[in-house]
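# Observations on the model geometry
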Amino acid sequence: MADSLTHHAENVWQAVEPTLHGFTVEVLPTIDSTNSELMRRARSGLMEPVLLAAEDQTAGRGRLGKGWHSKPGQSLTFSLALPLAPANWSGLSLAVGVSLAHSLHPDVRLKWPNDLWLHQRKLGGILVETAGHGEVGQGQRMVVIGVGINVARPEASVVGALVPDGAAVTAMAPAGLSEVLVGITPGEVLERVAPALVRDVQAFASQGFAAFVQRFGQLDALQGEAVQLSDGTRGTACGVNSDGALQVLTERGMQTVSSAEVSVRPC
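Okay, so let's go over this structure. Keep in mind it's a predicted model, so treat the numbers as computed, not measured. (Residues numbered from 1 in each chain as written. Predicted model: local features only at pLDDT ≥ 70, side-chain atom pairs only at ≥ 80, totals over all residues. Heavy atoms only, no water.)

Judged by how many residues are buried, helix H2 (residues 34-43) sits mostly within the fold: eight of 10 residues are covered. Within the span of H2, buried status applies to Thr34, Asn35, Ser36, Glu37, Leu38, Met39, Arg41 and Ala42. Here the buried face of H2 lies against strand S1 (24-28), strand S2 (50-54), strand S3 (75-84), strand S6 (121-131) and strand S7 (141-150). Capping of H2 at its N-terminal end is provided by Ser33; its side-chain oxygen lies 3.3 Å from the backbone amide nitrogen of Asn35. (Buried < 20%, exposed > 50% of the residue type's maximum accessible area, 1.4 Å probe, protein only. Helix = DSSP H or I, 4+ residues; strand = E, 2+ residues; numbered from the N terminus. Contact = heavy atoms within 4.5 Å. Polar contact = N/O pair within 3.5 Å; in protein donor to acceptor, adjacent residues only side chain to side chain.)

Bringing the sheet that holds strand S10 (residues 246-250) into the picture now. Pairing is antiparallel across the open sheet formed by five strands, whose spatial order is S11-S10-S9-S8-S12. Each edge of the open sheet is held by one strand with a lone partner, namely strand S11 (253-257) and strand S12 (264-266). On average, each strand axis in the sheet is tilted by 45° relative to the strand beside it, whichever way the strands run. (Pairing = 2+ DSSP bridges. Axes fitted to C-alpha atoms, helices over the stretch in contact; angles between N-to-C directions.)

Pairing in this open sheet of seven strands is mixed, and the strands run S1-S2-S3-S7-S6-S5-S4 from one edge to the other. With one partner strand each, in any of the chains shown, S1 and strand S4 (108-111) form the two edges of the open sheet. Between one strand axis and the next, the sheet turns through 20° on average, direction left out of account. Pairing of S1 with S2, which is carried by five bridges, proceeds in the parallel orientation. Across the sheet, Thr24 pairs through a bridge with Val50, a residue of S2. Helix H1 (residues 5-16) contacts S1, S2 and S3 of the sheet and is inclined by roughly 170° relative to S1.

Below, the structure is given as structure tokens:
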């Protein structure tokens, strides 16, 4: 590739390692799933902080077990593994989204709970998983944060695109970051988002989602919008609470929605 992902990964390591000792960055040409690989390592007892990026994922995973496909050279897929011990894990995926959106472009918005949107179309997604091990400190777990971002604009029918999950799939093509940052490469996107993501995840560990609530509200693509939950309930999205749960005003009153329970999409 003319623009080496490895070159940008080296720059990420230089930016992060001085304040996160033992941090490493790896780039692989192909893998089943960066998240799956880092979860395998964590479960085997390897708990060092690491960022793993791949040119190609053959079995990427999204939220609620959905497939998460990428096309080589047209998207960025990476996972970040960090040992953390926050007082409350609630809202971590939203904090990650806030970090990524701020780093990417002023036009990027967040669709609760884990989608990056650009001009009302899906730009990328986030998958957060955790694993514990006997060697980890008390109350500490390894968090693995998977990120997928369309760099080139894919066609709606292209299997390689990062497509919305489940019922949210529409005929509208997903977005690509190159629509607003012409000529940007996956490596440049990695260097743009990764150092800030490490800092923000560390901030979440010490301050919780409370440190991100206001920033999320400024980026909330569903605020005030009519939405439908995967169980058929309709209502108006009214932001999130202090734990990052979505608040939906329905005909039966305000409903608090956990990301583990349902999916949500605009009506």
